[in-house]
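Notes for the structure review
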Amino acid sequence: MAKIVAVANQKGGVGKTTTAVNLSAALAVAERRVLLVDFDPQGNATSGVGLNPDGEQGGIYDAIIGEVPLGELIVPTALEWLKVVPATLDLTGAEVELVDAENRDNRLKDALQTVIDDFDYIFIDCPPSLSLLTVNALTASDSVLIPLQCEYYALEGVSKIVRTINLIRERRNPELEIEGIVLTMFDSRNNLAHQVADEIKEHFADKAYKTTIPRNVKLSESPSFGKPIVTYDINSKGAVSYMELAREFVANNSQKGTGVLV
């Protein structure tokens, strides 16, 4: 049975999609069966693995409105162990269509249950907002991975997503946990980046990943080529960092009895 992890932060531009795509790919390189669900209407995770979010192949929208079983929407990628459920342009209107729908908060959860035994990990790339889509993602998930940019408003951003997680835990999903906080866009030459890292480790000692993701040109370039960093430049600092994050992620889950060490 797959562990379902929402990659979420209500603040945009923090490396959320970059982390969802590249952690998924790094785990796939380590021969873990991974499904990446693009649940952000912008469709950046879809294009980031080389697919076109034009709707021709169908996507997660079709599953949550009940038109197509999710298993029929899974698309292969260049990595054998990584599969994707794309986002399409239709996802933009899903919230309006579902606002009065029965069981609206559980649509994604119900869809994922049909494929949960086919994967080791399912990652959901969430929209950068508190929306019906985000509520669906958090309701469906076992845990939340929070990417956090090393900048001035970082703690404010993490406090907002933690409040949202607590709200979902109280009302929708009592088993929801914080998987961890991963620091992104880290510039070792910047004193502020070190200060933010120290504060996060002080406030969230047991949840902050030791691995940090650096600012890296290759990491910024890879989405425009439709490739995760591990297939774009395996020797880059970005690729090395996400492979290390994958090892730490699996090691943490091994200690909880939900994974095997890479």
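Below is a summary of the structure that appears in this document. These numbers were taken from a predicted model, which means no experiment stands behind them.

1. Examining the side chain of Asn 9
Relative to the elements of secondary structure, Asn 9 occurs in the loop between strand E1 (3-7) and helix H1 (16-29). When its relative accessible area of 1% is taken as the criterion, Asn 9 is described as buried. Once you skip the residues sitting within four places of it in the chain, Asn 9 turns out to touch Val 14, Lys 16, Pro 127, Pro 128, Ile 146, Pro 147, Leu 148, Gly 157 and Ile 161.

2. Considerations on the pairing of strand E4 (residues 82-85)
Judged from the four bridges that link them, strand E2 (residues 34-38) and E4 form a sheet pairing that is parallel. Within E4, the position partnered with Leu 35 by the bridge is Lys 83. Examined bridge by bridge, strand E3 (residues 75-76) and E4 share two bridges and lie antiparallel to one another. Across the sheet, residue Val 75 finds its bridge partner in E4, namely Val 84. Hairpin connection of E3 to E4: five residues between the antiparallel strands.

3. Overview of a nonpolar patch on the surface
A surface patch of nonpolar side chains, amounting to about 350 Å² of accessible area, comprises Tyr 152, Tyr 153 and Leu 192. By secondary structure assignment, the location of Leu 192 is in helix H8 (residues 191-203). On the basis of relative accessibility, which here comes to 32%, the residue Leu 192 falls in the partly exposed class.

4. Description of the pattern of salt bridges
In the structure shown here, the tally under the stated rule is nine salt bridges. Salt-bridge contacts for Lys 11 lead to Glu 151; the nearest nitrogen and oxygen are separated by 3.7 Å. Here Lys 11 is found in the loop between E1 and H1, whereas its partner Glu 151 is found in the loop between strand E6 (143-149) and helix H7 (154-171), with 140 residues between them in sequence. Between Asp 105 and Arg 172 there is a salt bridge, with the nearest N and O atoms lying 2.5 Å from each other. Residue Asp 105 is found in the loop between helix H4 (94-98) and helix H5 (107-112), and its partner Arg 172 is found in the loop between H7 and strand E7 (177-184); the two are separated by 67 residues along the sequence. For Arg 172, a relative accessible area of 43% puts it in the partly exposed group. Salt bridges sharing partners connect three or more residues here, namely Lys 16, Asp 40 and Asp 125.

5. Examining the sheet that holds E1
The seven strands are arranged E3-E4-E2-E5-E1-E6-E7 in an open sheet whose pairing can be described as mixed. Looking at strand neighbours, the two that pair on one side only are E3 and E7, the edges of this open sheet. Pairing geometry for E2 and strand E5 (residues 121-125), over five bridges, is parallel. In the strand pairing of E5, Asp 38 is matched with Asp 125.

6. Quick word on the environment of Ile 124
Mapped onto the elements of the fold, Ile 124 is located in strand E5. With 102 residues separating them along the chain, Ile 124 and Gly 226 place their C-alpha atoms 18 Å apart. In contact with Ile 124, other than residues within four places in its own chain, are Ile 4, Val 5, Ala 6, Val 7, Val 37, Phe 39, Leu 108, Leu 112, Ala 137 and Ser 141.

7. Structural notes on the side chain of Asp 38
Here Asp 38 lies in strand E2. One buried charged side chain, Asp 38, makes no salt bridge at all; its nearest oppositely charged neighbour is Lys 16, positioned 6.9 Å away. For Asp 38, the side chain forms a polar contact with the main-chain nitrogen of Ala 45, separated by 3.4 Å. Sequence-distant contacts of Asp 38, that is, excluding residues within four places in its chain, are made with Gly 43, Asn 44, Ala 45, Thr 46, Ile 60, Val 85, Pro 86, Ala 87, Leu 91 and Asp 125.

8. Topic: the environment of Pro 86
Position of Pro 86 among the secondary structure elements: in the loop between E4 and H4. Judged by its relative accessible area of 0%, Pro 86 falls in the buried class. Sequence separation between Pro 86 and Tyr 61 is 25 residues, and the spatial gap between their C-alpha atoms is 8.8 Å. Those residues in contact with Pro 86, other than ones at most four positions away along the chain, are Asp 38, Thr 46, Leu 51, Gln 57, Gly 58, Gly 59, Ile 60, Leu 73 and Val 75.

So, how was this worked out
- Residues numbered from 1 in each chain as written.
- Predicted model: local features only at pLDDT ≥ 70, side-chain atom pairs only at ≥ 80, totals over all residues.
- Heavy atoms only, no water.
- Helix = DSSP H or I, 4+ residues; strand = E, 2+ residues; numbered from the N terminus.
- Buried < 20%, exposed > 50% of the residue type's maximum accessible area, 1.4 Å probe, protein only.
- Contact = heavy atoms within 4.5 Å.
- Pairing = 2+ DSSP bridges.
- Patch = residues over 30% accessible without salt bridge, like charges linked within 9 Å, V, L, I, M, F, W, Y side chains within 5 Å.
- Areas by Shrake-Rupley, 256 points an atom, 1.4 Å probe, with all protein chains shown as cover.
- Salt bridge = Lys/Arg side-chain N within 4 Å of Asp/Glu carboxyl O.
- Lys, Arg positive; Asp, Glu negative; His and termini not counted.
- Polar contact = N/O pair within 3.5 Å; in protein donor to acceptor, adjacent residues only side chain to side chain.

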